[in-house]
Amino acid sequence: MSDTSIRTFTSDRQHTESTVEEESETRTDTTICPECGGDLRTDEGHGETVCSDCGLVVEDDAIDRGPEWRAFNSQEKDQKSRVGAPTTNMMHDKGLSTNIGWQDKDAYGNSLSSRQRQKMQRLRTWNERFRTRNSKERNLKQALGEIERMSSALGLPKEVRETASVIYRRALNEDLLPGRSIEGVATASLYAAARQMQTPRSIDEVATVSRIDDMEFKRTYRYIVRELKLEVAPADPASYVPRFVSELDLNDEVERRARDLLKTAGDKGVTSGKSPVGLAAAAIYAASLLANQKVTQSEVSAVTDVSEVTIRNRYQELLEAAETVQ
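Residues numbered from 1 in each chain as written. Predicted model: local features only at pLDDT ≥ 70, side-chain atom pairs only at ≥ 80, totals over all residues. Heavy atoms only, no water.

Q: Give a detailed account of the nonpolar core, specifying residues and quantitative values.
A: Ranked by size, the top nonpolar core spans 35 residues in total, and within it Tyr168, Leu190 and Ile224 carry the most contacts. If you list the elements that add at least two residues to this core, you get α4 (135-154), α5 (158-173), α6 (182-196), α7 (203-209) and α8 (214-228). Among the elements that make up this core, the one with the highest residue count is α6 (nine residues). Not counting residues within four places of it along the chain, the set of residues in contact with Ile224 comprises Ile167, Ala171, Leu176, Val185, Ala188, Lys229 and Leu230. Ala238, Tyr240, Val270 and Val306 belong to the second-largest nonpolar core, a separate cluster that totals 32 residues. (Core = buried A, V, L, I, M, F, W, Y, C linked by side-chain atoms within 4.5 Å. Buried < 20%, exposed > 50% of the residue type's maximum accessible area, 1.4 Å probe, protein only. Helix = DSSP H or I, 4+ residues; strand = E, 2+ residues; numbered from the N terminus. Contact = heavy atoms within 4.5 Å.)

Q: Summarise helix α12 (residues 297-304); cite the residues concerned and give the values.
A: Among all positions of α12, only Gln297, Val300, Ser301 and Thr304 are buried. Down the axis of α12, the sector holding all buried residues measures 100 degrees, keeping them to one side. Directly after α12, the chain includes Asp305, whose backbone phi takes a positive value near 60 degrees. (Arc of directions from axis to C-beta.)

Q: A description of the confidence of the model for the protein chain should follow, citing residues and the corresponding values.
A: When pLDDT is averaged across the protein chain, the result is 83; 89% of the residues are at 70 or more. Looking over the protein chain, one finds the lowest element-wise mean pLDDT in helix α1 (residues 3-29), namely 46, and the highest in α6, namely 94. Overall, residues 4-10 carries pLDDT values under 50, and its contacts beyond four positions in sequence, including any with other chains, amount to one contact. (pLDDT = per-residue confidence, 0-100.)

Q: Mind laying out the packing of α6 against α8, listing which residues take part and the relevant values?
A: Geometry of a packed helix pair, given as the angle between the helix axes and the separation of the axes. One way to put it is that α6 packs onto α8 with a least axis distance of 8 Å and a crossing angle of 65 degrees. Regarding α6 and α8, the two cross each other, and that crossing is right-handed. On α8, the residues that touch Gly184, Val185, Thr187, Ala188, Tyr191, Ala192 and Arg195 of α6 are Glu216, Phe217, Thr220, Tyr221 and Ile224. Of the residues belonging to the contact of α6 with α8, the class tally is seven nonpolar, three polar and two charged. (Axes fitted to C-alpha atoms, helices over the stretch in contact; angles between N-to-C directions. Left-handed = near helix turned anticlockwise from the far one by under 90°. Nonpolar A, V, L, I, M, F, W, Y, C, P; charged D, E, K, R; others polar.)

Q: With reference to specific residues and values, describe the packing of α5 against α6.
A: As a packed pair, α5 and α6 sit with axes 8 Å apart at the nearest point and diverge in direction by 130 degrees. Compared by their axis directions, α5 and α6 come out oblique. Both α5 and α6 take part in a crossing whose hand is right-handed. Residue-level contacts link Val160, Thr163, Ala164, Ile167, Tyr168 and Ala171 of α5 to Ile182, Val185, Ala186, Ser189, Leu190, Ala192, Ala193, Ala194 and Gln196 of α6. A per-class count over the contact of α5 with α6 returns twelve nonpolar, three polar and no charged. (Parallel < 35°, antiparallel > 145°, perpendicular 65-115°, else oblique.)

Q: Account for the packing of aromatic side chains, naming residues and giving values.
A: Scanning the model with the defined rule gives four aromatic pairs in all. Both rings, one in Tyr191 and one in Phe217, keep their centres 5.6 Å apart while their planes meet at 85 degrees; by these two values the pair is edge-to-face. Here Phe217 lies in helix α8 and Tyr191 lies in helix α6, a separation of 26 residues in the sequence. No difference in accessibility class separates Tyr191 from Phe217, as the two residues are buried. When the ring of Tyr285 is compared with that of Tyr315, the centres are 5.0 Å apart and the planes differ by 90 degrees; the resulting orientation is edge-to-face. Placement of Tyr285 in helix α11 (residues 276-290) and of Tyr315 in helix α13 (residues 308-325) is noted, with a sequence separation of 30 residues between them. Given the relative accessible area of 11%, Tyr285 is considered buried. Connected via pairs of aromatic rings, a cluster forms that spans Tyr191, Phe217 and Tyr221. Its end group placed over the ring of Tyr223, Arg180 keeps NZ or CZ at 3.5 Å from the ring centre. (Phe/Tyr/Trp six-rings, centres within 6.5 Å; stacked < 30°, edge-to-face > 60°. Lys NZ or Arg CZ within 6 Å of the ring centre and 35° of its normal.)

Q: I'd love a proper account of the environment of Glu183, names of residues and values included.
A: Tracing the chain through its elements places Glu183 in helix α6. Here the alpha-carbon distance between Glu183 and Ile147, two residues 36 residues apart in the chain, equals 8.6 Å. With near-sequence residues (within four places) excluded, Glu183 lies in contact with Gln142, Glu146, Arg211 and Ile212. Within the structure, Glu183 has its side chain in polar contact with the side chain of Gln142 (distance 3.3 Å). (Polar contact = N/O pair within 3.5 Å; in protein donor to acceptor, adjacent residues only side chain to side chain.)

Q: Kindly report on the pairing of strand β1 (residues 40-43), identifying the contributing residues and their values.
A: Of the pairings in the sheet, the one linking β1 to strand β2 (residues 48-51) comprises four bridges and is antiparallel in character. From the neighbouring strand, Thr42 faces β2, where its bridge partner is Thr49. Between β1 and β2, which pair antiparallel and follow one another directly, the connecting turn spans four residues, one of which, Gly47, has a positive phi of 70 degrees. (Pairing = 2+ DSSP bridges.)

Q: Please set out α5 residue by residue, giving values where relevant.
A: Residues three or four positions apart in an α-helix share a direction because the helix packs 3.6 residues into each turn. Over its 16 residues, α5 extends 23 Å from the first C-alpha to the last, a length consistent with the 22 Å expected when each residue adds 1.5 Å. Turning to α5, its buried residues number three or more, namely Val160, Arg161, Glu162, Thr163, Ala164, Ser165, Ile167, Tyr168, Arg169, Ala171 and Leu172. Residues of α5 that are buried sit in contact with α4, α6 and α8. Where α5 ends, the next residue or the one after it, Asp175, has phi of about 60 degrees, a positive value. (Expected span 1.5 Å × (residues − 1).)

Q: I'd like to hear about the sheet that holds β1, residue by residue, with values.
A: As summarised here, the arrangement of the three strands in space is β1-β2-β3, forming an open sheet in which the pairing is antiparallel. Looking at the sheet topology across the chains shown, the edges are occupied by β1 and β3 (57-59). Here the strands of the sheet are splayed against their neighbours by 35 degrees on average, with no regard to which way each runs. In terms of strand pairing, β2 meets β3 through two bridges, oriented antiparallel. Along β3, the bridge assignment pairs Thr49 with Glu59.

Below, the structure is given as structure tokens:
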């Protein structure tokens, strides 16, 4: 070996040794207190790394990488331990089966050949057949897909979709579907869930995105609520106000005044027996007048799907109720 090769080999070896020493020092420093040199202790309950000698908090708000559940024995640990995404009621198999993606690409993002695409299509077909083993699962799969479609069209949050899925599963388990369409029970479940989760949608809004007529929708809804003994409180007109105010691009003052008008009218008994959507629309129009905001009855009518005649009648009643209080 030449002198040049020996010098190069020696230099590389020295560089490697120095790098290893630096890494070991770095690893050592993470377990030693930078203030007094004492040992560091990790408090997982508070998410802190503390020196056991001087009490210095070296790190706080540490990420807990453990499971979100607790187990008190080995059997309970085996039952709760899982991998993958959490289960969900929004899928007929609760998300436990395998899905084959629709993209015809491999793991590196390269397009598949025509023969491979045909093979993947056959696998998708058989995978869908295996996922629904009987008529009950096919029914549930169709209904949950319908709930997902309508929820997306109505802009409802995930919590409402989960609740609607649970209500439909209860109706299916208690054999309430014979004589009624899947779309009808799915629509009724979604409307009831929205009412229960305090994010209501009007009957007209739900009927617009549904595939059934209004009469079947209302009849099925009353039947589901009665048979399942669902606790559905009367719709509060104030719960419609934020969404309508946002769609009309009005400010917070209009929303506050509209809520005050509805509260005053409720205390006076003016809202009894009247449509909550109509009351919300009238309160927003009256509040916009009080706050000097330029909005017409036709604009409010277009957003809330309430006739201008109803808005005129209701907003006069709300203003009269507010004047009597003053």
